[in-house]
Amino acid sequence: MSGEFGLFLPPTGNSTHLQAAVCASSSKPFILRNMGNKPANSPKGHPPDADGHSSVSDLANSLTGDMVMLSPGSEDDDHEGPISEKLGRIQFSLGYSFQDTTLTVKILKGQDLPAKDFSGTSDPFVKIYLLPDRKTKLETKVKRKNLNPHWNETFLFEGFPYEKVRERALYLQVLDYDRFSRNDPIGEVSIPLNKVELGQLKTFWKDLKPCSDGSGRRGDLLVSLCYNPTANIITVNIIKARNLKAMDIGGTSDPYVKVWLMHKDKRVEKKKTVTIKRCLNPIFNESFPFDVPAHVLRETTIIITVMDKDRLSRNDVIGKIYLSWKSGPAEVKHWKDMLSRPRTNVAQWHALKA
């Protein structure tokens, strides 16, 4: 077993808690029109100790036993770079009318978009820009609770000379609409218009890429899950995080992790790690057991939230993970792998989401 998990045992036999939290180094205006649709408005086994931690002997046994390392795209490799999350793809059409000096952009549909909401779905919409102009944008309508949305909306950039069109790049950003907080970026597509034959309307499928402005990156968290069907216990081990988003003025964060056990939409039990000061690559190595009878597994969700502790104001959310049989593809994979490998610690990196 590699020493990267940093298991530290207490120097004496008096304490039974894990001592493991450390910080790892590491010219003429043109007219915009949405044909037939108005743009959407953007608000958009063993009982735990008293503090909820499992004992050192339990964790030592689990970590030095069978540990299966998984990544969202592989069965048994551990990538050290940022996670390459599948973001789905988008279909759109492009064409230019020389007679009318009008660029036509049709946003047709999306496919296999990731779930961004607790319900296991998303509320996607598309922002449309002609870069380098970011002040002028158009938007599609929001498609509620849909990972394969059909927009079928047409947008016209009128009075736009062809020589100016060729200096622009079409930029599409797909976002998840959130009524109560900031919209969550899903992915983007950019296509230079001088690379496209615009004389007739052409249709494209493009894979979504992570947003280049970093708006979607919050860091990654390495988590292991272990299910003991005999004891009806799921053990969640918060191992470490990397490249966390800096939330403080000083360019760092004071991270800790909250773990909620949910049954349907009800909170059942909460555990949390210690706080690690001024660290964007913390190592926690803290283990939390939860009683989960087999008959409620399909209605169970484990919500893992990485927080930034603030002494003078409200603590900030850095990012979240929802683990269940109905979350996003990477989360569902981890959940199924846990169930298919009982009594085995199954570890996987997860990209934190808003």
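Right, let's walk through the structure included here. (Residues numbered from 1 in each chain as written. Predicted model: local features only at pLDDT ≥ 70, side-chain atom pairs only at ≥ 80, totals over all residues. Heavy atoms only, no water.)

1. Notes on the side chain of Lys353
Where we set the bar: Helical segments are the DSSP runs of H or I of at least four residues, strand segments are the runs of E of at least two, and each set is numbered from the N terminus. Note on classification: 1.4 Å probe, protein chains only; a residue is buried when its accessible area is under 20% of the maximum for its type, exposed when over 50%, partly exposed between these limits. Within 3.5 Å is the distance limit for a polar contact, defined as a pair of N or O atoms, with the added protein rule that one can donate a hydrogen and the other accept it, and that residues adjacent in sequence qualify only through two side-chain atoms.
Position of Lys353 among the secondary structure elements: in the segment after strand E19 (345-351). The class for Lys353 is buried, based on a relative accessible area of 7%. Here the side chain of Lys353 touches Ala115 through a polar contact of 3.4 Å, landing on its backbone oxygen. A polar atom in the side chain of Lys353 sits 3.2 Å from the side chain of Glu331.

2. Things to note about the environment of Lys271
With respect to the secondary-structure elements, Lys271 resides in strand E15 (residues 266-272). Spatially, the C-alpha atoms of Lys271 and Ile304 are 9.7 Å apart, while their sequence positions differ by 33 residues. Polar side-chain contacts of Lys271 include one of 3.0 Å to the backbone oxygen of Pro289.

3. A short note on the state of the cysteines
Filter applied, for reference: In this description, a disulfide is simply a cysteine sulfur pair whose atoms lie within 2.5 Å.
Evaluated as defined, the whole model comprises one disulfide. The disulfide bridge from Cys23 ends at Cys279, spanning 1.8 Å between sulfur atoms. The sign of the 95° torsion about the S-S bond sets the Cys23-Cys279 disulfide as right-handed. The class of Cys23 is partly exposed, set by a relative accessible area of 42%. We classify Cys279 as buried; its relative accessible area is 1%.

4. Brief notes about the sheet that holds strand E18 (residues 316-323)
The condition that has to hold: Two strands pair if DSSP finds at least two bridges between them. Axis definition: a line fit to C-alpha positions, over the contact stretch in the case of helices; interaxial angles, taken between N-to-C directions, run 0 to 180 degrees.
Strands sit in the order E15-E14-E17-E18 across an open sheet of four strands; the sheet is antiparallel. Taken across any chain shown, the strands that pair with only one partner, and hence form the sheet edges, are E15 and E18. Going from strand to strand, the sheet's axes swing by 20° on average, the running direction of each strand aside.

5. What to know about the packing of aromatic side chains
Where we set the bar: Classification of ring pairs uses Phe, Tyr and Trp, with its six-membered ring standing for Trp, and accepts pairs whose centres are within 6.5 Å; under 30 degrees between planes counts as stacked, over 60 as edge-to-face, and the remaining range as tilted. Two conditions define a charge located above a ring, namely a distance within 6 Å from the ring centre to NZ of Lys or CZ of Arg, and an angle within 35 degrees of the ring normal.
By the definition in use, this model includes five aromatic pairs. Centroid distance Phe92 to Phe204: 5.5 Å. Interplanar angle 25°. Geometry classified as stacked. Of this pair, Phe92 sits in strand E4 (residues 89-97) while Phe204 sits in strand E11 (residues 202-207); the two residues are 112 residues apart in sequence, bridging distant segments of the chain. Considered together, Phe92 and Phe204 belong to a single accessibility category, that of buried residues. When the ring of Tyr96 is compared with that of Phe98, the centres are 5.0 Å apart and the planes differ by 85°; the resulting orientation is edge-to-face. The ring of Tyr171 has Arg134 lying over it, and the distance from NZ or CZ to the ring centre is 4.9 Å.

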